[in-house]
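Observations on the model geometry
The primary structure of each chain is shown beneath.
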Amino acid sequence: MKTFDYVVKDELGIHARPAGLLVKEVKNYKSKVLLKKDDTEIDATRLMAIMALGVKCGTKVTLTIEGEDEEEACQALQQFFEEQL
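Summarised in this report is the structure supplied together with it. Just so it is clear, the model here is predicted, and its values are computed rather than measured. (Residues numbered from 1 in each chain as written. Predicted model: local features only at pLDDT ≥ 70, side-chain atom pairs only at ≥ 80, totals over all residues. Heavy atoms only, no water.)

What follows is about helix 3 (residues 70–84). Look at helix 3: 20 Å from first C-alpha to last across 15 residues, which is about the 21 Å you get at 1.5 Å a residue. Within helix 3, burial applies to Glu70, Ala73, Cys74, Ala76, Leu77, Phe80 and Phe81. Each element contacted by the buried residues of helix 3 is listed here: strand 1 (2–7), helix 1 (16–26), strand 2 (32–37) and strand 4 (60–66). (Helix = DSSP H or I, 4+ residues; strand = E, 2+ residues; numbered from the N terminus. Expected span 1.5 Å × (residues − 1). Buried < 20%, exposed > 50% of the residue type's maximum accessible area, 1.4 Å probe, protein only. Contact = heavy atoms within 4.5 Å.)

What follows deals with the packing of aromatic side chains. Applying the stated criterion across every chain yields a total of three aromatic pairs. Ring centres of Tyr6 and Phe81 lie 5.4 Å apart, and the angle between their planes is 70°; on these two criteria the pair is classed as edge-to-face. Of the two residues, Tyr6 is situated in strand 1 and Phe81 in helix 3; the sequence distance between them amounts to 75 residues. Judged by relative accessible area, Tyr6 falls into the buried class, the value being 4%. Phe81 sits in the buried class, given a relative accessible area of 0%. Taken together, the aromatic side chains of Phe4, Tyr6, Phe80 and Phe81 make up a single cluster linked through ring pairs. (Phe/Tyr/Trp six-rings, centres within 6.5 Å; stacked < 30°, edge-to-face > 60°.)

Moving on, we come to helix 1. For an α-helix the count is 3.6 residues per turn, leaving residues at separations of three or four pointing the same way. Along helix 1, the residues classified as buried are Pro18, Ala19, Leu22, Val23 and Val26. Take helix 1 and look down its axis: the buried residues cluster within an arc of 145°, on one side only. Turned more than 90 degrees away from the buried face of helix 1 sit Ala16 and Lys24, all of them exposed. Tucked inside the fold, the buried residues of helix 1 contact strand 2, helix 2 (47–53) and helix 3. (Arc of directions from axis to C-beta.)

And the structure:
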């Protein structure tokens, strides 16, 4: 299991466009990816669940990746967050 924290830098937070891109990125891997904000943890393949988190700029989120390609997925998702959010 791999985890990493990220503080969202995008001034609009995780809105529709990056949320959709995140879902696409997560679906490239077999590992299960969970996105956590505060005490709420959701499946990162569910667009509406990501949007419902209401992640704003400056909010810390935690990603947990678990599965057969977790190392590769973790690196790719960290890069995604740095570039998109």
